[in-house]
Amino acid sequence: MTGTRRYEWGRAAAAAVLVATSFVLSGCSASRLAPASTVDARAVLAAFKSRDMVGHLQALQRVADANGGNRASGTSGYEESARYVEEQLRAAGYAPVRQSFTFKEDGRRGKTVESFNILADTGGSAEHTVVVGAHLDSVQEGPGIDDNGSGVAAVLETARWMKEAGITPANRVRFAFWGGEEDGLYGSQHYVDELSATEIGQTAANLNVDMVASPNGVRSVHDGDGTDFGDAGPAGSKAIEDIFFRYFQENALPAETTPFDGGSDYDAFLSAGIPGGGLFTGDEKRKTQAQAQTYGGEAGKDLDPCYHEACDTIANTNLELLTEMSGALAYGTLAYAMAKTG
């Protein structure tokens with residue numbers, strides 16, 4: 001991508017598995033945090049190499065196969081996808097709830113579609129809530145396994161990992177699975193619209209994952225301060241970018257920035273003044289020669305050649321990339337979950 005800043009590091013020297021790392025954030029005055037993680041980034045990646053993200057992709061593929069080839073909002077495929085997510089969350093010890101909303105398909109004159117988000121909370125202080133989200137729906141044209149079964153898998157495994165590791169968050173993490181994203185970001189917009197002014201001030205950050213297993217993909221992080229692409233998030237967004245890059249640095253994994261251009265569920269949060277950030281591995285844009293040299297794959301080919309197509313199946317995923325990006329999400333989530341007010 002033209003204008004992209006790339007980050008590459010040599011492998012860090014070996015260190016203890018558990019290490020204290022801290023970050024200082026600037027953000028909304030009510031949500032100023034100094035996130036601290038007690039888990040080394042390399043330990044997180046190692047843990048996620050044995051997590052079953054692919055099992056979630058297989059389950060969502062089965063759902064699409066049994067429901068006309070898609071999991072779009074308002075369809076039986078979406079309902080079955082939601083039931084799967086809820087079952088996984090309950091089995092891990094969460095109490096998921098549905099947040100219902102409606103939207104007009106294809107604009108104001110279209111059919112009214114009934115949909116919902118799924119929300120599940122950890123313990124911890126609601127005064128500093130971090131919302132970690134991925135959209136659950138696919139387009140009508142295909143099963144949406146990269147877009148966005150991959151993000152769903154990353155969020156689910158982050159939630160499950162935190163429970164299984166016995167992590168007691170200082171701050172509440174709200175895991176969110178959005179509906180209506182492919183139709184116009186309706187689910188996440190509804191969620192933000194329903195927040196009171198107090199609740200907006202108590203939302204410390206939004207971490208978004210949308211397409212993190214692109215078959216010809218790259219590791220990218222949203223450009224929080226806009227220095228590379230011009231679209232900056234609210235104060236505090238740069239610190240989220242830095243947290244994700246810290247994970248890639250400590251794992252000696254090259255990564256780069258990607259525009260914060262409003263194309264996913266973070267948009268409503270940014271518009272409300274909430275710091276945001278996220279992970280992305282690419283859609284219909286073509287991989288450059290420089291990217292191919294850095295990440296492998298094929299230059300001149302789309303990062304995801306099946307973007308919004310029927311071929312976005314489980315065969316259209318890079319599982320190694322999914323593991324790395326899921327670990328990044330878990331690391332960033334934990335940094336906020338264990339944060340201290342600053």
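Keep in mind it's a predicted model, so treat the numbers as computed, not measured.

Draft legend 1. Structural context of the pattern of salt bridges. Applying the stated rule across the entire model yields 12 salt bridges. For Asp-40, the salt bridge goes to Arg-42, with nearest N and O atoms at 3.0 Å. For Asp-40, a relative accessible area of 3% translates into the label buried. In this structure, Arg-98 engages Glu-79 in a salt bridge whose closest nitrogen and oxygen atoms are separated by 3.0 Å. Taken as a pair, Arg-98 in strand S5 (residues 97-104) and Glu-79 in helix H3 (residues 76-92) lie far apart in primary sequence, 19 residues in all. Each of Arg-51, Glu-157, Arg-160 and Glu-164 takes part in salt bridges that share partners, so that together they form one network.

Draft legend 2. How the structure looks around the packing of aromatic side chains. In this structure the tally under the stated criterion is 11 aromatic pairs. A ring pair is formed by Tyr-247 and Tyr-331, whose centres lie 5.9 Å apart and whose planes are at 40 degrees; its orientation type is tilted. Taken together, the positions of Tyr-247 in helix H8 (residues 237-250) and Tyr-331 in helix H11 (residues 319-337) put the pair 84 residues apart, joining distant regions of the chain. Neither residue differs from the other here; Tyr-247 and Tyr-331 are each classed as buried. By way of ring pairs, the aromatic residues Phe-101, Phe-103 and Tyr-186 are connected into one cluster. The ring of Phe-116 has Arg-98 sitting right over it, with the charged end atom 4.1 Å from the ring centre. For Lys-163, the ring lying beneath its charged end belongs to Tyr-94, and the centroid distance is 4.7 Å.

Draft legend 3. Region of interest: the pairing of strand S8 (residues 171-178). With respect to burial, S8 is a largely interior element, 8 of its 8 residues being buried. Note that strand S6 (residues 112-121) and S8 share 4 bridges and pair antiparallel. Residue pairing across strands places Asp-121 opposite Arg-174, the latter belonging to S8. Relative to S8, strand S7 (residues 125-135) is paired through 7 bridges, and the arrangement is parallel. Bridging across to S8, Val-131 finds its partner in Arg-174.

Draft legend 4. Inspection of the environment of Glu-320 at higher detail. Relative to the elements of secondary structure, Glu-320 occurs in helix H11. For Glu-320, a relative accessible area of 58% gives the class exposed. Sequence separation between Glu-320 and Ala-213 is 107 residues; the distance between their C-alpha atoms is 8.0 Å.

Draft legend 5. Main features of the state of the cysteines. This model, assessed by the stated rule, comprises 1 disulfide. One disulfide bridge connects Cys-306 with Cys-311, the sulfur atoms lying 2.1 Å from each other. As the torsion about the S-S bond is roughly -115 degrees, the Cys-306-Cys-311 disulfide counts as left-handed. The partly exposed category is assigned to Cys-311, whose relative accessible area is 36%.

Draft legend 6. Quick look at the packing of helix H1 (residues 41-48) against helix H4 (residues 145-164). The interhelical angle for the contact between H1 and H4, taken along N-to-C directions, is 110 degrees, at an axis separation of 12 Å. On the basis of their axis angle, the class for H1 and H4 is roughly perpendicular. Contacts between H1 and H4 involve Val-44, Ala-47 and Phe-48 from the first element and Glu-157, Thr-158 and Trp-161 from the second. Counted by class, the contact of H1 with H4 contains 4 nonpolar, 1 polar and 1 charged residues.

The rules we used
- Residues numbered from 1 in each chain as written.
- Predicted model: local features only at pLDDT ≥ 70, side-chain atom pairs only at ≥ 80, totals over all residues.
- Heavy atoms only, no water.
- Salt bridge = Lys/Arg side-chain N within 4 Å of Asp/Glu carboxyl O.
- Buried < 20%, exposed > 50% of the residue type's maximum accessible area, 1.4 Å probe, protein only.
- Helix = DSSP H or I, 4+ residues; strand = E, 2+ residues; numbered from the N terminus.
- Phe/Tyr/Trp six-rings, centres within 6.5 Å; stacked < 30°, edge-to-face > 60°.
- Lys NZ or Arg CZ within 6 Å of the ring centre and 35° of its normal.
- Pairing = 2+ DSSP bridges.
- Disulfide = S-S within 2.5 Å.
- Axes fitted to C-alpha atoms, helices over the stretch in contact; angles between N-to-C directions.
- Parallel < 35°, antiparallel > 145°, perpendicular 65-115°, else oblique.
- Contact = heavy atoms within 4.5 Å.
- Nonpolar A, V, L, I, M, F, W, Y, C, P; charged D, E, K, R; others polar.

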